Amino acid sequence: MTNLSSRVSAVFNKALSNGDLIFTESIVRHLEDRGMKFQIRFAPALAKKPSLNKEKAASARPFNPFLPPDPNLLIAEVGQHYNLVLNKFCLVREHVLLCTKAFVNQNILLDGSDLFTLWKCLTDLETEDTMSLAFYNAGVNSGASQPHKHCQIIPVERNLSALPIDDAIQDYLKSSHPPQSPFQLNILPFRHGVGLLPQIDTGSSVDGTFANELAHIFHSVIESAFEPIGVTLSSWDDVEREAPTLSPSTPSFNFLMTRKWMLLVPRRSDSYEGISINSVGYGGMLLSKSAEEIEKVERIGPMNILKELAFPA
Ligand code: B4P
């Protein structure tokens, strides 16, 4: 266990026992759909969570939970520009958020510094039993509710089926030699891009060159995923860094990253038949807050829901 991961465990356990965060119990069941073994997480108590109306988030200046972060949820300052804080409303133990210290709008694209810091956290949070999944909900149609720039990280067990999208990517890599990057997975019926990350020895020192390399892979993944929709990188040029709300005119996407790969999915809408999905959904993990929602997911099929919320492949 690294210093960072033991600090996360210690701060999490203290915050939980002091009632500084709300951990919601959930039950996970599996549902196979078009070759992907989806996880459907049922958390009925979450229906009671105070939710930030997403339309309001786009149109008014809401309460900012990250500026300043609750000191009881703060794990550490990371580098000069970031705070690592616990998610106050978690379904998975030790769910953390990497937030910029100063306000930056969540529509601003991730840059080399964000990606490198995220990669460092993924590396430092890994344990023998768990890897980490980072995600970024960008834009009004991505499932985002907070306009302050923040990436999220959840621990994922190192088992087959623990992270369904990782299984799909590993299957692709086994059958494709040498793998192209960025690439698309045949199994996913919607526009997306996957980029492979260089495998760097955790003991070696990494520097700004690696940050630039991560930014380059991120840009190539955005371009490959968005190009057929007629969206280019310049679409993000006019986003105001300090704009207090999310602009509906900025393209939305979901972004997922592990130490091995990044995946980006352009988003067309926020919810389908009342089911809202964030980046975790595109990892193959859906959330249902009521029996009615579970019934809908089973009836429509998780892959169809993901397809309806994204653009055709
Ligand atoms: P956003 O990007 O803005 O939105 P989100 O993750 O979709 O969270 P939302 O709040 O809309 O949650 P939802 O009910 O859909 O991220 C904002 C983050 O800040 C969230 O993690 C939020 O909890 C956190 N936050 C808000 N106020 C805070 C405060 N005062 N201090 C610290 N953190 C604060 O989903 C509920 C939760 O379950 C989310 O964390 C979500 O990421 C997670 N989740 C969704 N699907 C899941 C799945 N299949 N498996 C496991 N977890 C899942």
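Going by the structure above, here's the rest.
These numbers were taken from a predicted model, which means no experiment stands behind them. (Residues numbered from 1 in each chain as written. Predicted model: local features only at pLDDT ≥ 70, side-chain atom pairs only at ≥ 80, totals over all residues. Heavy atoms only, no water.)

1. Some remarks on the side chain of serine 161
Quick note on the threshold: Only DSSP runs of H or I with at least four residues qualify as helices, and only runs of E with at least two residues qualify as strands; both kinds are numbered from the N terminus onward. Contact definition: two residues touch when any of their heavy atoms are within 4.5 Å.
Structurally, serine 161 is set in the loop between strand E9 (150-157) and helix H4 (164-175). Contact partners of serine 161, with chain neighbours within four places excluded, come to His30, Lys37, Gln39 and Asp167.

2. Describing the nonpolar core
This is how the line gets drawn: Think of a nonpolar core as a cluster: buried Ala, Val, Leu, Ile, Met, Phe, Trp, Tyr and Cys residues, connected wherever their side-chain atoms sit within 4.5 Å. A 1.4 Å probe rolled over the protein chains alone gives each residue an accessible area, and that area as a share of the maximum for its type sets the label: buried under 20%, exposed over 50%, partly exposed in between.
Ranked by internal contacts, the top residues of the largest apolar core, which has 50 residues, are Leu86, Phe218, Phe253, Phe255, Met257, Met262 and Leu264. With nine residues, helix H5 (residues 208-226) is the single largest residue contributor to this core. Formed by 39 residues, the second largest nonpolar core is a distinct cluster that contains Phe42, Val156, Val194 and Val265.

3. Re H5
Given 3.6 residues per helical turn, the α-helix brings residues three or four places apart onto the same face. Test applied: Expected span of a helix, by definition, is 1.5 Å for each gap between consecutive residues, and there is one gap fewer than residues.
Compared with an ideal rise of 1.5 Å per residue, which puts 19 residues at 27 Å, H5 spans 27 Å between its outermost C-alpha atoms and is within 8% of the ideal. Within the sequence span of H5, burial applies to Phe210, Ala211, Leu214, Ala215, Ile217, Phe218, Ser220, Val221, Ile222, Ala225 and Phe226. Next to the buried residues of H5 lie helix H3 (112-125), strand E10 (193-196), strand E11 (252-257) and strand E12 (261-267).

4. Focus: the site of the ligand
Formally: One heavy atom suffices: a residue is near a molecule or strand as soon as one of its heavy atoms comes within 4 Å of it. Any pair of N or O atoms that falls within 3.5 Å is considered a polar contact. Within protein, one atom must be able to donate a hydrogen and the other to accept it, and sequence-neighbouring residues count only if both atoms are side-chain atoms. Areas reported here follow the Shrake-Rupley algorithm with a probe of radius 1.4 Å; residue values treat only the protein chains shown as occluding.
For the ligand, the set of nearby residues contains 29 residues, the closest of which are Asn87, Asn137, Ser145, Gln146 and Lys289. Separating a nitrogen atom of the ligand from a backbone N or O atom of lysine 88 is a distance of 3.2 Å. In the model, an oxygen atom of the ligand is placed 2.8 Å from a nitrogen or oxygen of the lysine 289 side chain. When the ligand is considered free in solution it has 880 Å² of accessible area, and contact with the protein chains removes 91% of it. At the level of secondary structure, the elements contributing two or more residues to the shell around the ligand comprise strand E8 (130-138), E9 and strand E15 (285-288). A per-element tally of the shell around the ligand places E15 first, with three residues.

Treat this as a map of the structure, not an account of what it does.
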